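Architecture at a glance
Chain by chain, the residues:
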Amino acid sequence: MDDVVAAIADPVRRQILEVLRAGPLPARRIAERFPISRPAVSRHLRVLRESGLVRDTAEGRERVYRLDPSPLTEVKSWLAGFADSADVWNRRLDALETEVYRTRRDRRTAAAQDRAARDTATKGTATQGTAAHDRAAPGRAAPDRREKTA
């Protein structure tokens, strides 16, 4: 497994694996896809071959490379052990998100209730003030009328 992980650690080798996913290719056709020298691509192909991720066959004067993903099975199994812990963290983060939304909703509800209570209290005070004004108005209106008649 260490050889496989070391092989896929390099971005160029991962790109070569992606190219070969579409089907077998001769080494020269693989090398044409990369901005590095053909010997450098050949070295990357050798590492991939030694790790078992690619197989090569001689076809005429060319070496044709094919993807063999079977060595990735062991890596995939090893990584799957970490997926369980990722699921645990995902559930925990989902629960945290739910709690955050619940807290925000509760705060908005409490704020709305406070505003409604203040509005009700303000309306009650305003109503009382209006009634007091109405009671005082006739007393104030009379002197105004007297002044006009006098």
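What this report covers is the structure whose coordinates are included nearby. The shown structure was predicted, so the numbers you read here are calculated from the model rather than taken from an experiment. (Residues numbered from 1 in each chain as written. Predicted model: local features only at pLDDT ≥ 70, side-chain atom pairs only at ≥ 80, totals over all residues. Heavy atoms only, no water.)

With that settled, consider the overall build of the protein chain. Along the backbone of the protein chain there are 5 helices and 3 strands. Looking at the protein chain as a whole, 20% of its 150 residues are labelled buried. Relative to all contacts within the protein chain whose residues are 6 or more apart in sequence, the contacts with residues 24 or more apart total 48%. As displayed, the protein chain offers around 11300 Å² of accessible surface, 53% of which is attributable to carbon and sulfur atoms. (Helix = DSSP H or I, 4+ residues; strand = E, 2+ residues; numbered from the N terminus. Buried < 20%, exposed > 50% of the residue type's maximum accessible area, 1.4 Å probe, protein only. Contact = heavy atoms within 4.5 Å. Areas by Shrake-Rupley, 256 points an atom, 1.4 Å probe, with all protein chains shown as cover.)

Attention now moves to the side chain of Asp 68. In this fold, Asp 68 is placed in the loop between strand 3 (62–67) and helix 5 (72–149). Take Asp 68: its relative accessible area is 15%, and that puts it in the buried class. Side-chain polar atoms of Asp 68 contact the side chain of Ser 70, separated by 2.8 Å. With near-sequence residues (within four places) excluded, Asp 68 lies in contact with Gly 52, Leu 53, Val 54 and Arg 55. (Polar contact = N/O pair within 3.5 Å; in protein donor to acceptor, adjacent residues only side chain to side chain.)

Right, let's get into the environment of Val 75. Summarising the element assignment, Val 75 is placed in helix 5. In this structure Val 75 comes out as buried when scored by relative accessible area, which is 8%. Those residues within four positions of Val 75 in sequence are excluded, and the remaining contacts are Met 1, Val 4 and Val 5.

Moving on to the pairing of strand 3. For strand 1 (residues 25–26) and strand 3, the ladder comprises 2 bridges, and the chain directions are antiparallel. If you follow Leu 25 over to strand 3, its bridge partner there is Tyr 65. Strand direction decides the pairing type here: strand 2 (residues 54–59) and strand 3, joined by 6 bridges, are antiparallel. Across the sheet, the residue bridging to Ala 58 is Arg 63, located in strand 3. Hairpin connection of strand 2 to strand 3: 2 residues between the antiparallel strands, including Gly 60 at a positive phi of 70°. (Pairing = 2+ DSSP bridges.)

This part covers the sheet that holds strand 1. Strand order in the open sheet formed by 3 strands is 1-3-2, with antiparallel pairing between adjacent strands. Two strands close off the open sheet at either side, each with one partner strand: strand 1 and strand 2. Across the face of the sheet, helix 2 (residues 11–21) comes into contact with strand 1, strand 2 and strand 3 while running at roughly 90° to strand 3. In the packing of helix 4 (residues 38–51) onto the sheet, contacts are made with strand 2 and strand 3, and the angle to strand 2 comes to roughly 115°. (Axes fitted to C-alpha atoms, helices over the stretch in contact; angles between N-to-C directions.)

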